Amino acid sequence: MLCESWQQVYLLPCQLTSTRSDCEVSFWYPSFKEERVILKAGNIRASTSRRCFHHFWGPSMKSLLTLNDSAATVVNTTPALAQSTYSNGGVGLSNPQMSQSRRKMLDLVNRLHSTGVQVDIDLPQIAVIGSQSAGKSSLIESISGIALPRAAGTCTRCPTECRLAHSDTQWKCVVSLRFTTDASGATLGQPRNEIFGLPIFNREQVEERIRRAQRAILNPSKPAKQFLDDDDEDSGEAELSFSHNCVSLQISGPDVADLSFCDLPGLIASVGRGGNVDDIKLVEGLVTSYIKKPSCIILLTVACETDFENQGAHQIAKAWDPEGKRTIGVLTKPDRIPVGEEPEWLRFIKNEKEPLANNWYCVKQPSSNDLKQNWTWQQAREKERHFFSATAPWCELEGMYQKFLRTSNLVDRLSSVLSDLIAKRLPEIQDELEKSIYTTRELLRKLPRAPSQQPMNEVATLLHEFVAGLTRHITGVPDKQGLIQSIRPAQEQFRQEIRSTAPQFRPYEKKFADSRTMPRATFLDHEGGDVSENHELEASQTTALGKNKRRRNDVFIDEVFKRAQSYRTRELPGNYPFVVQQSYIDECVKGWRSPAQILCRSAHNTLSDHLKTLIRKHFAHFGQGMLEHRVRVLVQDHLKSCLARTEEKINWLVDLEDKAFSLNTHYLTDYKSKFLAYYRGARNKGNHADIMSTISTYTPLSSSATNSKGVPVLCGIAKVLSGLAELGLTGIKANDLAKLLKTDDMEPALEIMADVRAYFQVAYKRFSDNIPMAIDRELICGVERNVLPLLWNGLGLNSLDAHRICKEFAQESSAISNRREELTKKLQRLEEASQQLLQVGGS
């Protein structure tokens, strides 16, 4: 029976003596499996008369045991055989005495790491950090049971992640490369894993495979397979001195621990000749990217051969774990401590200097010379036990500090801390997984649907959906941003522009331009957006520029009369040719072409923008942009044709207004009578101000008086109306009295003005409807007509190469496909990790 360190073991009365040379003895204890140890002749004796204890040690047992009278039985004795590198007791955390709950926790986090979910969730793991040549790799070898590449100077130039898993099957190691950056150093959106060679079943081959894997990582522009098969793998310089990409080892076997940890490049304080000073910051940033995560246990290695203050790894660890709650310190190379400085290092073991929540440990690993002699793992552990048991001041430490010496105690503590952290983090990990799964599913849902495997049907469906969407928008959608709604402001602006070309007739002479104003044309109020005559123009044109513009557009009655006189040919006196009215109509109509063209261009631009948006919506995610481009070109050509036809129609409608014409006789006559009365009233108000004022203010009550006896006496307008009534002229109102005034010499001019203004009212409304209707018919609706056959033929879907063309068109853009693949893989990782947690909960 053996112990990892010197222990006191009590033997009940019995005697167990080995009198022959070295032999193998098997002991069986009820609570443990069979243990095999090597006994030296006479090294265990127990008196039969009383209890006694002896000090002894062995390579595998860790517990203080009490043997009953018949608890120890010699099964057999055989000559000692040369021990293999790994004893049946297992390596590190594979010790069978580990509790089932701890093993379950470690196994769980290892399975979570195997899913790759650590790129999405902060998973507990151990990161081994230290300064250059601080003994990290040797420590990793002791835990993992494999040899790592060694060379002069810095050995580790990229992270090496080890995922150890206990298994009852044959020992196996799978080496893979995990890329998080590309050849230029840019971060990849989705980490890429690449298996590096076939699985390894012989431990001795792992070191060479890792060396080749590191060279592949440091030469990202070359195929990894080249370094797997290259016989001269050490030739040439590497492209990179360090890399964030890592070598991943998946090791399983009956004597393997359930643990995940990462060996990081050693921190460097300076670079030699030809080195890159940026490597110092690069390595520091790489180490920081791991240890800054709250669930990372920092395994800080400090070499005893160098002053503690000169080793920068401690400063970085303290920066991210200032209270030392997740840092475990490891002192390496205790055999190289300068004479007399041992007490200073013992203060770390006693947690008196730079105290940590999980204490400092000290290990003794094989030296370079020992490795050259091909020491086995068992020999290394035996030498370590002997060093701490026989070398002062380590062997003189009190029993309470002995547990902080030796690799086995460190590994046991690592497993305990890691399993406790895992148990604490499990509920948080579950919550983070659920949130990430929901978010990832939402992002996938928002992506366009994946292209089908039938490209012809896919493209045909896209075209029909596009045409259906186009029809719906042209018909009109209940959206303020819709196509019809977007065109409407331009249509209203066009109507106002046409309305503003109305002739501004003034029924008074030009000499009265500054002294007379026009009354409000109340009969136009019911027409909504129409502007009334001079009353509203006065209100809207307040600037000097506005007044000057108004005066240039005003047409005074004497000017109209003068033109009428000059246009007479053979007409009888008092008669004037219609060419006078036509000339004023032509002056109005000539201002209609430009607003109509502006409306057409505005509608075209709005329609073009809507078409681009619609095309992008239906085709942007297919054909890597090629399908969208082809459809846009075809539709834009089609739109140009529609625009040309529309402009032709607009010019035709403008030309149609060159000759005054209307069959709307009632409407025209009604407006003429209203405008004639309006102009006459305005003129009379200016020429007969007093009489017109009396007539406008007349009321029956205000036009009567009383005599001395109080009897009402008619006077003024009331008396006139009464006299007319006595003559039998009934029904005459006060406003009718204006007709009794002297005939105006300008009456023909008033007739001309009323004719022109009434016709304008008819023509502008007709034109204000016809132009938008023509644009809607030829341009807006025209772009929909025959668009499907046009696209079908333009895309070559009727040709013999239709299947090939559709196959190219149906391919979605690389950005979308990469994004979908990235999110799909992420969702798979998250769901697999969540399933692993559910299995643990169910068990």
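Residues numbered from 1 in each chain as written. Predicted model: local features only at pLDDT ≥ 70, side-chain atom pairs only at ≥ 80, totals over all residues. Heavy atoms only, no water.

Undergrad: Sorry if this is basic, but what is going on with the overall build of the chain here?
TA: Within the chain, the regular secondary structure consists of 26 helices and 17 strands. The 843 residues of the chain split such that 46% are buried. Pairs at least 24 residues apart make up 77% of the contacts formed inside the chain by residues separated by at least 6 positions. Within the structure as shown, the chain displays about 42900 Å² of accessible surface, and the carbon and sulfur contribution to it stands at 52%. (Helix = DSSP H or I, 4+ residues; strand = E, 2+ residues; numbered from the N terminus. Buried < 20%, exposed > 50% of the residue type's maximum accessible area, 1.4 Å probe, protein only. Contact = heavy atoms within 4.5 Å. Areas by Shrake-Rupley, 256 points an atom, 1.4 Å probe, with all protein chains shown as cover.)

Undergrad: Could you clarify how one ought to interpret the packing of aromatic side chains in this entry?
TA: Given two aromatic rings, their pairing is described by the distance between the two centres and the angle made by the two planes. Scanning the entire structure with this criterion turns up 22 aromatic pairs. Seen in terms of ring centroids, Y678 and Y679 are 5.6 Å apart; in terms of plane orientation they differ by 50 degrees. Their pairing is tilted. This pair shows no difference in class: Y678 is buried, exactly as Y679 is. Three or more aromatic residues joined by ring pairs make a cluster, and in this case those are F505, F523, Y584, Y667, Y671, F675, Y678 and Y679. When the ring centre of Y764 is taken as reference, the NZ or CZ atom of R499 above it lies at 6.0 Å. The ring centre of F512 lies 3.8 Å from the NZ or CZ of R516, which sits over that ring. (Phe/Tyr/Trp six-rings, centres within 6.5 Å; stacked < 30°, edge-to-face > 60°. Lys NZ or Arg CZ within 6 Å of the ring centre and 35° of its normal.)

Undergrad: Mind showing me how you'd approach a nonpolar patch on the surface here?
TA: A contiguous nonpolar surface patch, about 290 Å² in accessible area, is contributed by L727, L729 and I732. Here L729 shows up in the loop between helix 22 (716-726) and helix 23 (747-780). (Patch = residues over 30% accessible without salt bridge, like charges linked within 9 Å, V, L, I, M, F, W, Y side chains within 5 Å. Salt bridge = Lys/Arg side-chain N within 4 Å of Asp/Glu carboxyl O.)

Undergrad: I keep staring at the pattern of salt bridges and nothing clicks. Help me out?
TA: Pairing of side chains with opposite charge becomes possible as their charged atoms draw close. Following the criterion strictly, the structure yields 39 salt bridges and no others. The partner of R601 in a salt bridge is E647, and the shortest N-O contact between them spans 3.0 Å. Here R601, found in helix 18 (residues 593-619), pairs with E647, found in helix 19 (residues 626-656); they are 46 residues apart in sequence, far enough to count as distant. Among the residues examined, E647 registers a relative accessible area of 26% and is labelled partly exposed.

Undergrad: I tried to follow the pairing of strand 7 (residues 172-181) on my own but got confused; where do I start?
TA: Side chains on a regular strand alternate between the two faces of the sheet. The buried fraction of strand 7 amounts to eight of the ten residues, a majority that puts the element mostly inside the structure. Note: strand 7 against strand 9 (residues 246-253), seven bridges, orientation antiparallel. For S176, the partnering residue across the bridge sits in strand 9 and is S248. (Pairing = 2+ DSSP bridges.)

Undergrad: Explanation requested: the side chain of N245 in the structure shown.
TA: Considering the arrangement of structural elements, one finds N245 in the loop between helix 4 (224-229) and strand 9. Judged by relative accessible area, which is 1%, N245 ranks as buried. Not counting the four nearest positions on each side in its chain, N245 is found in contact with C158, P159, R178, F179, T180, T181 and I217.

Undergrad: Which parts of the structure should I look at to understand helix 7 (residues 342-349)?
TA: Side chains three or four residues apart in an α-helix point the same way, a direct result of the helix having 3.6 residues per turn. Of all the residues in helix 7, the buried ones are E342, W345, L346, F348 and I349. Each buried residue of helix 7 sits inside an arc of 145 degrees when the element is viewed along its axis, so together they form one side. Contacts from the buried residues of helix 7 go to strand 11 (296-303), strand 12 (327-332), strand 13 (360-362) and helix 10 (399-402). In the stretch just after helix 7, N351 is the one whose phi turns positive, near 60 degrees. (Arc of directions from axis to C-beta.)

Undergrad: How do you make sense of the packing of helix 16 (residues 557-567) against helix 23 when you look at a structure like this?
TA: In a pair of packed helices, the angle between the axes and the distance between the axes together describe the arrangement. Contact geometry of helix 16 with helix 23 gives a least axis separation of 9 Å together with a crossing angle of 95 degrees. By the angle between their directions, the pair helix 16 and helix 23 is classed as roughly perpendicular. Between helix 16 and helix 23, the residues in contact are I557, V560, F561 and A564 and A749, L750, I752 and M753, respectively. Grouping the constituent residues of the contact of helix 16 with helix 23 by class yields eight nonpolar, no polar and no charged. (Axes fitted to C-alpha atoms, helices over the stretch in contact; angles between N-to-C directions. Parallel < 35°, antiparallel > 145°, perpendicular 65-115°, else oblique. Nonpolar A, V, L, I, M, F, W, Y, C, P; charged D, E, K, R; others polar.)

Undergrad: What is the right way to look at the environment of S813 in this model?
TA: Position of S813 among the secondary structure elements: in the loop between helix 25 (802-810) and helix 26 (814-842). Judged by relative accessible area, S813 falls into the buried class, the value being 14%. With 191 residues separating them in the primary sequence, S813 and F622 have C-alpha atoms 5.8 Å apart. For S813, the residues in contact, after removing those within four places along its chain, are H621 and Q624.

Undergrad: It is not clear to me how the state of the cysteines should be interpreted in this structure. Could you clarify?
TA: Simply put, the disulfide is a covalent bond whose two ends are the sulfur atoms of two cysteines. Under the criterion given, the structure shown has zero disulfides. Cysteine C158 shares no disulfide, and the gap to the nearest cysteine sulfur, in C246, comes to 7.4 Å. Here C158 falls in the buried class, since its relative accessible area comes to 1%. Just so you know, C162 is unpaired, no disulfide at all, and the nearest cysteine sulfur is the one on C262, 7.9 Å from it. C162 gets classed as buried once you look at its relative accessible area, which sits at 1%. (Disulfide = S-S within 2.5 Å.)

Undergrad: Help me understand helix 13 (residues 483-499) in this model?
TA: Taking 1.5 Å of rise per residue, the 17 residues of helix 13 would be expected to cover 24 Å, and the 25 Å separating its terminal C-alpha atoms lies within 8% of that figure. Within helix 13, burial applies to L483, I487, F494, R495, I498 and R499. (Expected span 1.5 Å × (residues − 1).)

Undergrad: Honestly, the side chain of R178 in this entry has me stumped. Any pointers?
TA: Locating R178 in the fold gives a position in strand 7. For R178, a relative accessible area of 11% gives the class buried. Within the local environment of R178, its side chain forms a polar contact with the side chain of E161, the two groups lying 2.5 Å apart. Ignoring sequence-local partners within four residues, the contact set of R178 consists of Q118, V119, E161, R192, N193, N245, C246 and Y290. (Polar contact = N/O pair within 3.5 Å; in protein donor to acceptor, adjacent residues only side chain to side chain.)

Undergrad: Looking at this model, I keep getting lost on the environment of Q250. Mind explaining?
TA: Looking at where Q250 falls in the secondary structure, it is placed in strand 9. Looking at Q250, the relative accessible area reads 27%, which means it is partly exposed. In the structure, Q250 is positioned 140 residues away from N110 in sequence and 9.7 Å away in space, judged by C-alpha atoms. When residues no more than four places from it in sequence are discounted, the contact partners of Q250 are S114, R163, K172, C173 and V174.

Undergrad: Even after reading the chapter, I still don't get the environment of P220, so can you show me in this structure?
TA: Checked against the element boundaries, P220 lands in the loop between helix 3 (206-218) and helix 4. Separated by 23 residues in the primary sequence, P220 and S243 have C-alpha atoms spaced 9.4 Å apart. If we ignore the near neighbours within four places in the chain, the residues touching P220 are A183, E239 and L240.

Undergrad: When you look at the packing of helix 19 against helix 23 in this model, what are you seeing that I'm missing?
TA: The N-to-C vectors of helix 19 and helix 23 enclose an angle of 160 degrees; their axes lie 8 Å apart at closest approach. With respect to helix 23, the axis of helix 19 lies roughly antiparallel. You can see that helix 19 and helix 23 cross each other, and the crossing is right-handed. When helix 19 is examined against helix 23, the residues L639, C642, L643, R645, T646, K649, I650, L653 and V654 are found in contact with a partner set consisting of F767, N770, I771, A774, I775, E778 and L779. Its residues assigned to classes, the contact of helix 19 with helix 23 comprises eleven nonpolar, two polar and three charged. (Left-handed = near helix turned anticlockwise from the far one by under 90°.)

Undergrad: Explain the pairing of strand 6 (residues 160-166) to me, please; I cannot follow it from the model alone.
TA: With respect to burial, strand 6 is a largely interior element, six of its seven residues being buried. With seven bridges connecting them, strand 6 and strand 9 associate as parallel partners. Each bridged residue has a counterpart across the sheet, and for A165 the counterpart in strand 9 is S252.

Undergrad: So what exactly am I meant to see when it comes to unusual backbone geometry here?
TA: With the exception of glycine, the majority of residues adopt a negative phi angle, and the majority of peptide bonds are in the trans configuration. The peptide bond linking A392 to P393 adopts the cis configuration, its omega dihedral lying at 5 degrees. Along the chain, P393 falls in the loop between helix 9 (377-390) and helix 10. With a phi close to 55 degrees, K333 is a non-glycine residue in the positive phi region. With respect to the helices, strands and loops of the structure, K333 is situated in the loop between strand 12 and helix 7.

Undergrad: Help me out: how do you make sense of the confidence of the model for the chain in this one?
TA: Interpretation of this model should avoid reading the predicted coordinates in detail wherever pLDDT is low. Within the chain, residue pLDDT values average 78, and 77% of them lie at 70 or more. Segment residues 1-96 is flagged for pLDDT under 50; beyond a separation of four residues in sequence, or across chains, it makes 186 contacts in the model. In the predicted structure, residues 529-550 sits below a pLDDT of 50 and forms 41 contacts with residues beyond four places in sequence or in another chain. (pLDDT = per-residue confidence, 0-100.)

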